[in-house]
Amino acid sequence: MTPANDTINHDETCPLLSASNPHTAEAQIAEKPKSTPLPKGQLAALCIVRLVEPIAFTQIFPYVNEFMSDLHLTDDPSKIGFYSGLVESVFAISQLCSIYQWAKLSDVVGRRPVVFVGIIGLAITTLMFGLSKSLASVLVVRCLGGLFSGTIAVVHSVLGEITDSTNQMTALPIYGLAWPVGSIIGPLIGGTFSHPASKYPEILGYQFLKDYPYFLPCFIAFVFAGIGVSLGFVFLEETLPSKRKGKKSGPPNPSTDDDRATTALALSEKPFSVSRLLSIPVISALALSGFMLSYLGTSFDVVFVLFCYSPIQSGGLSFSASQIGYSLATAGAIGAAIQLCIMSYLLRTFDCAKMYNFCMALWPYTFLVLPILSIIARTGLDDTTGELGTATVALLWVGIAFVLMLSKVASLAYSLSMILTKENAPNAASLGQSNGIVQFAMSFARSFAPFVVSALFAISTEYNLLGGYLWLAIMVTVSFLGMTTSRKIAQNRREVL
């Protein structure tokens, strides 16, 4: 502090920057921590392992409604969405039940065995899905697949253990590319190779593929998983500290002193209980908003596929499995471009809470664009041929690209939620619990959203409620509620600060 009797005279000849401390700039530069080199081999192996899940998960989307129709569960096409939503909800519920158990097991036996068991189990259940011939077998297989996919939390832990505060902003966007890239490959596999015997009779006209028309895309996803396991087994090292005794984790770097200090502090601190964490306004706001975000994001993914699959006369686009696959691959490409090109810039430039609010504010408009696409399709439908004109098809694809871009920008809120949770955890020892609460809220919403929104879509269409768009009115209303809950994060964050 400057004494009260000290005065400094300033005039036009005084420099704006004081020269009293010529070493200030050098000192600031010296204080800036040096970035730890990224373990590129480990990160590459982890990304390959991470790529397996989105391929296996999304490859069923283009044909799941067609699959349910082939099982002859109902004669009413508008009710197909009910069953496809049930299939997805079973997967999400099983994943919800297994996340904590896999994470707890990995703390005992290590990360590698748990990650590999999860991938192998997911690969086998994906193959079994292609051999299913009844709804019961489909549900059992998807339930098992959800149980094995719960290891995703362990994969995230590996990322945290191979990075520190100096290089995680570089590693996160690279790691984040795995899901959008997988969501490009998966739908392309599903849309291209379902019903291969009828699509490519000269090459794949085998009786087995006629009897099991969805086996080939599942088998290709199984092969990708096998490649992921093989590469991961060779290159992915164990990262759990208690299992790395005697192993050299990397060259020493003074820049990690802060991380070591944080770790030491975490050992001396006690983690908050769940009830105490939920009593913190910003944590409870993040959990509630995460629930709304996951419900909206999952509902859009489900309803977009249903919307594309439904006949034009029922308010849909009457897309084939291949066209749905191309649409979802487009969504993945948009997500990858956003993650690769602008995510790092956005994180460096804008406040996370404000960006989160902006992303949540996009959801109502994302849903509202869908009926506009239906209007375009109905207007351009040739009553004689029952086909769409070339100009209409081009306009539709432009509209699809636009609505998918909106959804992917809105989905950036997932990454922002992770950052906000880390920033607002009460102490380092409670970070895992804080993340667990928010992730549990998201998984809980994902467990029932597919079933609810698909049933709502089917009822709206079957009974022509609000012209078949009752589902849209409800989803827009829920989206505005999501906007309201997201604002509480910034408010409670300011109170903490």
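Look up a bit, the structure's there.
Predicted model only: the values in this text are computed from it and were never measured.

Enquirer: Please clarify how the layout of surface pockets should be interpreted in this entry.
Expert: Gaps left between atoms are located by rolling a probe of water-molecule size over the structure's atoms. By volume, the second largest pocket amounts to about 210 Å³. In this structure, the second largest pocket is lined by 13 residues; those nearest its centre are Ile312, Leu317, Ser318, Gln323 and Leu388. A total of three residues in the lining of the second largest pocket trace back to one element, the largest contributor, which is helix H21 (residues 390-410). For the lining of the second largest pocket, a count of residues per class yields eight nonpolar, four polar and one charged.

Enquirer: Help me understand H21, please; the structure alone is not making it clear to me.
Expert: Here H21 is 21 residues long and its end C-alpha atoms lie 31 Å apart, about the 30 Å a rise of 1.5 Å per residue gives. Turning to H21, its buried residues are Thr392, Leu396, Gly399, Ile400, Val403, Leu404, Leu406, Ser407 and Ala410. Each buried residue of H21 sits inside an arc of 150 degrees when the element is viewed along its axis, so together they form one side. Seen from the open side of H21, the exposed residues pointing more than 90 degrees away from its buried face are Thr390, Ala391 and Val398.

Enquirer: How do you make sense of the packing of aromatic side chains when you look at a structure like this?
Expert: Here a ring pair, both rings aromatic, is described through the centre-centre distance and the interplanar angle of the planes. Using the criterion set out here, one finds 25 aromatic pairs in the structure. Ring centres of tyrosine 295 and phenylalanine 448 lie 5.8 Å apart, and the angle between their planes is 40 degrees; this geometry places the pair in the tilted category. You can see tyrosine 295 sitting in helix H16 (residues 281-309) and its partner phenylalanine 448 sitting in helix H23 (residues 431-462), a full 153 residues away along the chain. What makes tyrosine 295 buried here is its relative accessible area of 12%. Relative accessible area serves as the criterion here: at 26%, phenylalanine 448 is assigned to the partly exposed category. Here the aromatic rings of phenylalanine 457 and tryptophan 471 are separated by 5.5 Å at their centres, their planes lie at 45 degrees, and the arrangement is tilted. Remark: tryptophan 471 occurs in helix H24 (residues 470-496) and phenylalanine 457 occurs in helix H23; sequence separation between them is 14 residues. Through successive ring pairs, a cluster of aromatic residues spans Phe208, Tyr212, Phe215, Phe219 and Phe222. Residue placement shows lysine 133 over the ring face of tyrosine 212; its charged tip is 5.1 Å from the ring centre. It is arginine 142 that lies over the ring of phenylalanine 129; its NZ or CZ is 5.7 Å from the centre.

Enquirer: Help me out: how do you make sense of the side chain of serine 84 in this one?
Expert: Within the secondary structure, serine 84 is located in helix H4 (residues 80-109). At 3.0 Å, the side chain of serine 84 forms a polar contact with the side chain of asparagine 65. Apart from the residues within four sequence positions on either side, serine 84 is in contact with Val64, Asn65, Met68 and Leu306.

Enquirer: I keep staring at unusual backbone geometry and nothing clicks. Help me out?
Expert: For residues other than glycine, phi is negative in most cases, and the peptide bonds are mostly trans. A positive phi angle, close to 55 degrees, is found at histidine 72, a residue other than glycine. Positive phi values are uncommon outside glycine, yet histidine 195 reaches one of about 50 degrees. Tracing the chain through its elements places histidine 195 in the loop between helix H9 (178-193) and helix H10 (196-199).

Enquirer: Can you help me understand the nonpolar core in this one?
Expert: Grouped burial of nonpolar side chains is what soluble globular proteins tend to show. By size, the foremost hydrophobic cluster in this structure holds 94 residues, and its most contacted members are Met68, Phe304, Leu317, Phe367, Leu370 and Trp471. The dominant element in this core, judged by the number of residues it contributes, is H16, at 17 residues. When sequence neighbours within four positions are dropped, the list of residues in contact with phenylalanine 304 reads Ser327, Leu328, Leu370, Ile400, Val403 and Leu404.

Enquirer: Which parts of the structure should I look at to understand empty space enclosed by the protein?
Expert: Taken as a whole, this structure holds two cavities of 30 Å³ or more when the rule is applied. In this structure, the largest cavity spans a volume of roughly 120 Å³. As for the largest cavity, its lining consists of 13 residues, of which Glu53, Ile119, Leu122, Thr151 and Val155 are closest to the centre. Counting only elements with at least two residues in the lining of the largest cavity, the list comes to helix H2 (40-58), helix H5 (111-130), helix H6 (135-149) and helix H7 (152-162). Taken together, the residues that form the lining of the largest cavity break down as eight nonpolar, three polar and two charged.

Quick notes on the rules
Residues numbered from 1 in each chain as written. Predicted model: local features only at pLDDT ≥ 70, side-chain atom pairs only at ≥ 80, totals over all residues. Heavy atoms only, no water. 1 Å grid on protein atoms, 1.4 Å probe; cavity = no way out; pocket = protein on both sides within 12 Å on 5 of 7 lines; lining within 4 Å. Points joined across faces, edges and corners; volume = space filled by probe spheres on them. Helix = DSSP H or I, 4+ residues; strand = E, 2+ residues; numbered from the N terminus. Nonpolar A, V, L, I, M, F, W, Y, C, P; charged D, E, K, R; others polar. Expected span 1.5 Å × (residues − 1). Buried < 20%, exposed > 50% of the residue type's maximum accessible area, 1.4 Å probe, protein only. Arc of directions from axis to C-beta. Phe/Tyr/Trp six-rings, centres within 6.5 Å; stacked < 30°, edge-to-face > 60°. Lys NZ or Arg CZ within 6 Å of the ring centre and 35° of its normal. Polar contact = N/O pair within 3.5 Å; in protein donor to acceptor, adjacent residues only side chain to side chain. Contact = heavy atoms within 4.5 Å. Core = buried A, V, L, I, M, F, W, Y, C linked by side-chain atoms within 4.5 Å.

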